[in-house]
Amino acid sequence: MKNLFKLFSIIILIIASNSYSVAAEKVEYLKTDWSFKGLFGKFDRASLQRGYQVYTEVCASCHSMKYLSYRNLAEPGGPEFSEAQAKAIAASFEVTDGPNSDGEMFTRPGKLSDKFVMPYDNVKAAQAANGGAYPPDMSVLVKARGGGVDYIYSLLQGYEEAPSNVSLDDGVYYNKYMYGNKIRMSAPLSDGLVEYGDGTNATVEQMSKDVTTFLMWSAEPHLEARHQMGFKAIVYLIILTILVYFSMKKIWSRVESEV
Amino acid sequence: MSDHDYRPKSKVGQWFNDRLPLLTLANHLTDYPTPKNLNYWWTFGGILTFCLITQIVTGLTLAMHYIAHADMAFESVEHIMRDVNYGWLIRYIHANGASMFFLAVYIHIFRSLFYGSYKSPREIIWILGIIIYLLMMAAAFMGYVLPWGQMSFWGATVITNLFSAIPLVGEGIVTWLWGGYSVDNPTLTRFFTLHYLIPFLILGLVVLHIWALHVPGNNNPVGIDIKKPSKDTVPFHPYIVIKDGFALLMFMIVFAFFVFYAPNILGHADNYIEANPMVTPAHIVPEWYLLPFYAILRSVPDKLLGVVAMLSAILILAVLPWLDTSKIRSAVFRPLYKQFYWILVADVLILGYVGAMPAEGLYLLIARVATAYYFLHFLVILPVLGFKEKTLPVPLSITEPVLGGSPNLAAARNKESKIE
């Protein structure tokens, strides 16, 4: 036991020193109460729907979301638009399909089974339109950044006047949460930029939270199912462990040895 | 052992068993006399078997949906995560399962080091174990490449490039490994093939590992040879089966926590960015379980010597039974070795920590000292200790300390139960 204790104290020391060194070199991210954290964490449905609105009206003009389909918007555990709403959303986009029997490509309104329409035809076109910087695909963006949701949430609100000792090139902006503080994306949000259908006041903070929630869902569409199954699985395992423990005690009581 | 006397009761059983003695094998496995004082550190063998089977089953399922192509691998993983029924569950079990596998194998190896399980007559079990461990590292490394994220691509580039350190033929070997002039589609397809193959090699070696174990029987916390079967042993079934089962369930709770509540915490965020040969990540780090060896590699300024040091750090374990000159197995009766053992544990943890940090300044210095100590432990301390150390008297049987053979043994016995 003493040795175990030694081992644990070493590990804790290492973890503590690690988090200390990380904290020393990085700025503290803004915090907010995410509904999807914790054992029973679920998405806030209304926030997801507002987040989709922010994405589609603001982000989608530059950022693709190529792993999502319009049907996902109506699936359980997501924004849960009604199927009619999701169909209407899909139909509002023009999708290139084909070739038809004449060998021609044609456009048609989107269907539920279509992937989200991409803002640019290819990476080069995206770079050309954005001063050489490629706006990353947003499907798994939250999982692709070290700070996760807190990082994205902070970044959206992290635009500031550059300090006097920092010189910025044309088309480069100062963001206190960005790695290296220089970002090619101008501040995407401003108060009242979108008009929420449910009357929520569209402050930068509110929109950041909504769109980040939406991005969390797009990166982990089965998060709710995972949390629910996880709780059941762990409760099941704990009960089984207790039962097996007593069976073990009973069986080992036949021998003069402890378990 | 009573194996040879075993005769099935039914006529059919006898007929079958005379032709293929599977029932004799089953009887041997259930009756297998096991020391009754094994503590919970001994349950990790069973846990590791569980890990291997879990990886094979989830891996087979993933392989049905995964596409090993540089342009489609990343997308096919997202397809598994989003559209395959319970694909997210299978993939998260497989990805975290690798970490759990290594967690268990490290405990298993360090248990062996503490109780001297590698010593005569168990050298072959130990060497088979080291080969399994090497294959595990190869399988894990190649598995990490398959999602074709940034860390996959650059990890593969860094590790395969190590072979270029070999004089004269190095560059040629690297081109041969890649199947081209950079890590690309041919590299991915061969890694997938090998990643699929290695688990079955491991499975075969595990059978040999257990077979070799069943010849001398288990070591035990007291580290003495025992008579089998005797008052010191219990039959494997039901005693060890239920105890291993209990420990496995505890392990599964930890496993489930990672899978359901922190599935990405052991991975690197960069691996959710699709591989891009034009953009190098700021820090290229391997998975946590390879970090100590990565630290050793980077602590040597010369590339070739660094590779040699890293490989030696693993291979030195294979000759451990001959480096450790002490006749006493268990650290319980080796007061000095016990202290050095815990220093080694700390040393490896420190190496793991600096392996995750940039190789510069203080971190590099610490890595160098820790690397030097690692080799010092095996090459100097262990051989010398066997001659110099004054060991405690060892009991003659497991039951003896209970019956109060000598005061020292009561203390030893006390110590064991505390370790549990």
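Residues numbered from 1 in each chain as written. Chains lettered and ligands numbered in written order. Predicted model: local features only at pLDDT ≥ 70, side-chain atom pairs only at ≥ 80, totals over all residues. Heavy atoms only, no water.

Peer 1: Would you mind going over the overall build of chain B with me for this structure?
Peer 2: In terms of helices and strands, chain B carries 17 helices and two strands. The C-alpha atoms of chain B give a radius of gyration of 24 Å, which matches the 22 Å a tight globule of 420 residues would have. Taken over the C-alpha atoms alone, chain B extends approximately 70 × 60 × 45 Å along its principal axes. Considering chain B as a whole, with its 420 residues, one finds that 55% of them fall into the buried category. Carbon and sulfur atoms make up 71% of the accessible area of chain B, which amounts to about 19000 Å² in all. In chain B, the 27 positive side-chain charges and the 25 negative ones have mean positions that sit 13 Å from each other. (Helix = DSSP H or I, 4+ residues; strand = E, 2+ residues; numbered from the N terminus. Rg over C-alpha atoms; globule rule 2.2 N^0.38 Å. Buried < 20%, exposed > 50% of the residue type's maximum accessible area, 1.4 Å probe, protein only. Areas by Shrake-Rupley, 256 points an atom, 1.4 Å probe, with all protein chains shown as cover. Lys, Arg positive; Asp, Glu negative; His and termini not counted. Charge placed at Lys NZ, Arg CZ, Asp CG, Glu CD.)

Peer 1: Looking at this model, I keep getting lost on the overall build of chain A. Mind explaining?
Peer 2: A tally of helices and strands in chain A yields seven helices and four strands. Each helix and strand of chain A, ordered N terminal to C terminal, gives the series α-α-α-β-β-α-α-β-β-α-α. Across the 259 residues that make up chain A, the buried fraction comes to 41%. Sequence separation of 24 or more characterises 61% of the internal contacts of chain A that already satisfy a separation of 6 or more. (Contact = heavy atoms within 4.5 Å.)

Peer 1: Any chance you could explain the packing of helix α6 (residues 123-145) of chain B against helix α9 (residues 185-214) of chain B here in plain terms?
Peer 2: For any two helices packed against each other, one specifies the crossing angle of their axes together with the interaxial distance. All names here are of chain B. Between α6 and α9, whose axes approach to 9 Å, the crossing angle comes to 160°. By the angle class used here, α6 and α9 are roughly antiparallel. Every pair of crossing elements has a handedness; the one defined by α6 and α9 is left-handed. Here the residues of the contact of α6 with α9 are counted per class, giving 22 nonpolar, four polar and no charged. (Axes fitted to C-alpha atoms, helices over the stretch in contact; angles between N-to-C directions. Parallel < 35°, antiparallel > 145°, perpendicular 65-115°, else oblique. Left-handed = near helix turned anticlockwise from the far one by under 90°. Nonpolar A, V, L, I, M, F, W, Y, C, P; charged D, E, K, R; others polar.)

Peer 1: In this structure, what is going on with the nonpolar core? I would like to understand it.
Peer 2: In summary, soluble globular proteins display a tendency toward joint burial of nonpolar side chains. Counting 142 residues, the largest nonpolar core has W252 of chain A together with F102, L113, Y133, W148, Y374 and F378 of chain B as its most contacted members. Among the elements that make up this core, the one with the highest residue count is helix α5 (residues 87-115) of chain B (16 residues). Residue contacts for L113 of chain B: discarding those within four places in its chain leaves Y118, W126, L320, Y337, Y341 and L344 of chain B. Core analysis: the next-biggest nonpolar cluster, separate from the first, contains 46 residues, F81, V142, L156 and V211 of chain A among them. (Core = buried A, V, L, I, M, F, W, Y, C linked by side-chain atoms within 4.5 Å.)

Peer 1: What exactly am I supposed to notice about the interface of chain B and chain A here?
Peer 2: Accessible area lost when the parts come together is the quantity often used to give the size of an interface. Each partner contributes to the interface: chain B provides 52 residues, whereas chain A provides 51 residues. At the boundary of chain B with chain A, total buried surface from both sides reaches about 4500 Å², with 69% on carbon and sulfur atoms. Linking chain B with chain A are two salt bridges. Viewed at the interface, chain A and chain B are joined by eleven residue pairs in polar contact (both at pLDDT 80 or more). Residue assignment for the side of chain B that touches chain A shows that the elements contributing at least two residues are α4 (73-82), α5, α10 (236-261), α14 (335-356) and α17 (407-419) of chain B. Among the elements that make up the side of chain B that touches chain A, the one with the highest residue count is α10 of chain B (16 residues). Of the residues in the side of chain B that touches chain A, the class split is 37 nonpolar, three polar and twelve charged. (Buried area = accessible area lost by both parts, 1.4 Å probe. Salt bridge = Lys/Arg side-chain N within 4 Å of Asp/Glu carboxyl O. Polar contact = N/O pair within 3.5 Å; in protein donor to acceptor, adjacent residues only side chain to side chain.)

Peer 1: Before we go on, may I ask you to explain the packing of aromatic side chains in this structure?
Peer 2: Geometrically, a pair of aromatic rings is defined through the distance of the ring centres and the angle of the planes. All told, the structure shown has 48 aromatic pairs over all chains when counted by the stated rule. Geometrically, the ring pair formed by Y67 of chain A and F74 of chain B is tilted, given 6.1 Å between the ring centres and 45° between the ring planes. In this pair, Y67 of chain A is assigned in the loop between α2 (45-57) and α3 (83-91) and F74 of chain B in helix α4, connecting two distinct chains. Each member of the pair Y67 of chain A and F74 of chain B is classed as buried. Lying across the ring of Y40 of chain B, K243 of chain B places its NZ or CZ 4.9 Å from the centre. (Phe/Tyr/Trp six-rings, centres within 6.5 Å; stacked < 30°, edge-to-face > 60°. Lys NZ or Arg CZ within 6 Å of the ring centre and 35° of its normal.)

Peer 1: Help me out: how do you make sense of a nonpolar patch on the surface in this one?
Peer 2: Residue and element names in this part refer to chain B. A cluster of nonpolar side chains, contributed by W15, F16, L20, L22, L23, L25 and L29, occupies part of the molecular surface with about 640 Å² of accessible area. When contributions to the nonpolar patch are tallied by element, the ones reaching two or more residues are α1 (11-19) and α2 (22-31). When residues in the nonpolar patch are grouped by element, the largest group, four residues, is from α2. (Patch = residues over 30% accessible without salt bridge, like charges linked within 9 Å, V, L, I, M, F, W, Y side chains within 5 Å.)

Peer 1: I would appreciate a short explanation of α5 of chain B in the present structure.
Peer 2: Within an α-helix, residues lying three or four positions from one another point in the same direction, as the helix has 3.6 residues per turn. All names here are of chain B. The terminal C-alpha atoms of α5 lie 41 Å apart, and with 29 residues this matches the ideal 42 Å at 1.5 Å per residue to within 8%. Residue G97 marks the point of greatest curvature in α5, where the axis turns by about 30°. Residue G116 follows α5 closely and has a positive phi angle near 60°. (Expected span 1.5 Å × (residues − 1). Bend = angle between axes of the 7 residues up to and from the residue.)

Peer 1: Looking at this model, I keep getting lost on the side chain of E389 of chain B. Mind explaining?
Peer 2: Residues and elements named next belong to chain B. With respect to the secondary-structure elements, E389 resides in the loop between α15 (361-388) and α16 (399-403). Among the residues examined, E389 registers a relative accessible area of 8% and is labelled buried. Engagement of the side chain of E389 in a polar contact is seen with the side chain of R334, the distance being 2.9 Å. The residues touching E389, leaving out its near neighbours within four places in the chain, are R334, P335, L336 and Y337.

Peer 1: Quick question: what am I supposed to make of the confidence of the model for chain A here?
Peer 2: Do not read the predicted coordinates in detail wherever pLDDT is low. All names here are of chain A. Confidence along chain A averages 91 in pLDDT terms, with 90% of residues attaining 70 or more. Confidence, read as mean pLDDT per element, is least for helix α1 (residues 2-25) in chain A (52) and greatest for helix α6 (residues 204-219) (98). Low pLDDT (under 50) marks residues 19-24, which in the prediction has two contacts with non-local residues, meaning those over four places away or in another chain. (pLDDT = per-residue confidence, 0-100.)

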